[in-house]
Amino acid sequence: MPLLELNGITKLFGKLAALEDIDLNVEEGEILGIVGPNGSGKTTLINVISGYYRPTMGTIYFNSKKISGLRPDQIAAKGIVRTFQSNVLFEGATVLESMLIGSLLRYKTTDWQAFFETKAYRKDNEEVVGRVIELLKTFNIFNDIFLPAAGLSHGYQRMLGITLALIANPKVLLLDEPTTGMNHEEAMFVVENIKKIGEQGVTVILIEHNMKVILNVATRVVVLNFGNKIAEGKPEDVMNKSEVIEAYLGTETI
Amino acid sequence: MPYFDYKTWIPRIVIGVLIAIFVILPVFTTSVITLSIFISSGIWTIAVMGFTLVLRTGQFSMGQAAFMALGAYASAILTVNLGMPFWPSFLLSGIISGIIALIIGLIVLRVGGIYFSIITLAFGELVRIFAQEAEGITRGVRGIIPPTPPTISLLGFDINFAAGNPVPYYYFMIILVAITAIIFWRIEHSRIGGTFASLALNQTLAEHQGIHLMKYRVIAFTIAGVFTGFAGAFYANFLSIITPFMFGLWQSIQIMMMSVVGGISSIVGGALIGATILYTLGIYLSRLPIYNIQYVVFGTVVVLVLLFLPKGTGLVDLWGKFWRKVFREPDEYEIPEESEMAVE
């Protein structure tokens, strides 16, 4: 029984098929890498799963319940949380504020309880703040919590993006190129953390250009090209397939 | 804290003294003009708080005065045409205004943004035109004269809402503004305030963090509708007349201007400062022999505030700036441009 099941997902922009009849099963606890050249539909796939786009055709099941057609917030509430390819921030908020206003899904208490600041809310709030601080410490941005998020360096903004996704209590984490714009050490730091997230039982779907990252962290890889799935399997095997090399480097014409 | 934290307590004490002065103002003066200016300022403060709350969710309402009209007409029609006593009709006025805000919100806030502004603009005019044309219900341009609130006997005193005695209305205003301010303050500083802000800061990210856009936009708009309705009902009773011209497009624009001039960085503080200053200014300017000079001055004030106090900080931000100057503290939230983190 796969945790996340994509059946014949097609996404058309006008007549252009960004995704064409994609079938994909994601098992619980795996770290699935999605690779492919620019414009192959990787980000569209994440946008479709997270509800940012509705698929033109096909259905998505999560825990064998249909989620395609739901709003992004409903999908996030079910436990599928994403990060963004470009740094999407709460403009003008500090790092801590961003985390606190992004952590609504962590709270068990209602807005009424929060308004009247009941005992239950205060206990709940303490737990959430504790978790926020813990996450910020894990991702090395705890020292900058009072800085505006927009003032962080690119790499740290990406880390903030990942912590924001993690505070929303994900069962499936969709990471859209988490290491772009990072140097080698920072990228490896993120890789280690993705591994840790995976070990905590969170299923991860990871889009990445950096092959080192994919080979290092993914348990399975799917290759997309022009909106089609052209290969699937263990990272080492997939990387040596002729279609994949072709898609990345072009055809041999000698 | 083991020591007296003067940096937070001195500003608080100053605010406390200012509030106390406002509360006992009728002891010093019973001048109808002075008290009337403060009563009207208080009414506009409530409307501005509603507008700013909606603005906090990233939505720009251009028809807030319509909810004052709804509250005013609801209370007047309930008492005059249907013979309901004053207090229940007053309570119902806010609820009716809120229900209409809820309905409008459910229809329009699905898309939000510029469409919301346009529809609220149209709605504002629709309410005014309806009030003007539906003579059977609203008596059209002749207006309705709402009955004065009944005399309340409290601790042996008779609180008499007779015309020409603004003191009871003044205290009614103080209580109404205080209740609204406390509720809006709690909203702003509790979790739901952060949720509202997230919608304005980044709608897409907020949605992917599990925040239901529609729901929170509608909540903010409905709360604003309820309290703006109360303000309108009270205004009508205070002026003892309701006409369609009291709550038109200009009044909606005036609410926006008050919000901008006061500043949106604090809902309650910005509304109090913006409404009081602009309303008082408007009254004194309209007594000058130059026709409509107040519109020119209002426009100039808005431009000056936007030039020198941008990003919605408004006049309320000067309060914080003043105390930071006094205590020789650096301004908050300055991005250190040359720091390691910012450049790298």
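Residues numbered from 1 in each chain as written. Chains lettered and ligands numbered in written order. Predicted model: local features only at pLDDT ≥ 70, side-chain atom pairs only at ≥ 80, totals over all residues.

Engineer: Sorry, what's going on with the overall build of chain B here?
Structural biologist: Counting its regular elements, chain B contains 16 helices and two strands. The C-alpha extent of chain B, read off along each of the three principal axes, is 70 × 50 × 45 Å. For chain B, with 344 residues in total, the buried portion stands at 45%. The long-range share in chain B, meaning contacts at least 24 apart out of those at least 6 apart in sequence, stands at 76%. (Helix = DSSP H or I, 4+ residues; strand = E, 2+ residues; numbered from the N terminus. Buried ≥ 20, exposed ≤ 12 C-beta atoms within 10 Å, placed from the backbone. Contact = placed C-beta atoms within 7 Å.)

Engineer: Which parts of the structure should I look at to understand the overall build of chain A?
Structural biologist: When you go through chain A residue by residue, the secondary structure sums to 10 helices and 10 strands. What you see for chain A is a C-alpha radius of gyration of 19 Å, in line with the 18 Å of a compact globule of 254 residues. Taken along its principal axes, the extent of the C-alpha atoms in chain A is 70 × 40 × 35 Å. Expressed as a percentage of its 254 residues, the buried residues of chain A come to 43%. (Rg over C-alpha atoms; globule rule 2.2 N^0.38 Å.)

Engineer: It is not clear to me how the sheet that holds strand E10 (residues 228-233) of chain A should be interpreted in this structure. Could you clarify?
Structural biologist: Where strands meet in a sheet, backbone hydrogen bonds hold them as pairs that are either parallel or antiparallel. Residues and elements named next belong to chain A. An order of E6-E7-E8-E3-E9-E10 is seen for the six strands of this open sheet, with the pairing classed as mixed. The sheet terminates laterally at strand E6 (80-82) and E10, the two strands that pair on one side only. Averaged over all adjacent pairs, the angle separating strand axes in this sheet is 20 degrees, with direction ignored. As paired elements, strand E9 (residues 220-225) and E10 share five bridges and run antiparallel to each other. Within the sheet, the bridge partner assigned to Leu224 lies in E10 and is Lys229. Contacts from helix H7 (residues 184-199) reach strand E3 (31-35), strand E7 (172-176) and strand E8 (203-207), with the element oriented near 150 degrees to E8. (Pairing = 2+ DSSP bridges. Axes fitted to C-alpha atoms, helices over the stretch in contact; angles between N-to-C directions.)

Engineer: Help me out: how do you make sense of the interface of chain B and chain A in this one?
Structural biologist: Interfaces are often described in size by the accessible area the parts lose on coming together. Listed by partner, the interface residues are 23 residues for chain B and 29 residues for chain A. Secondary-structure elements contributing two or more residues to the side of chain B that touches chain A are helix H9 (191-201), helix H10 (203-208) and helix H16 (340-343) of chain B. A per-class count over the side of chain B that touches chain A returns nine nonpolar, 10 polar and four charged. (Nonpolar A, V, L, I, M, F, W, Y, C, P; charged D, E, K, R; others polar.)

Engineer: What is the right way to read the nonpolar core from this model?
Structural biologist: Within the largest apolar cluster, 164 residues are counted, with the highest numbers of intra-cluster contacts made by Leu206 of chain A together with Ala69 and Ala72 of chain B. For this core, the element with the most residues is helix H11 (residues 213-239) of chain B, which contributes 18 residues. (Core = buried A, V, L, I, M, F, W, Y, C linked by C-beta atoms within 7 Å.)

Engineer: I would appreciate a short explanation of the sheet that holds strand E1 (residues 4-13) of chain A in the present structure.
Structural biologist: Residue and element names in this part refer to chain A. The strand order E2-E1-E4-E5 describes an open sheet built from four strands, whose pairing is antiparallel. Only two strands of the sheet have a single partner each, and these edge strands are strand E2 (16-26) and strand E5 (65-66). Bridge analysis of strand E4 (residues 57-62) against E5 gives two bridges, and the strand direction is antiparallel. Bridging across to E5, Phe62 finds its partner in Lys65. Packed on one face of the sheet, helix H1 (residues 42-49) meets E1, E2 and E4 and runs near 65 degrees to E2.

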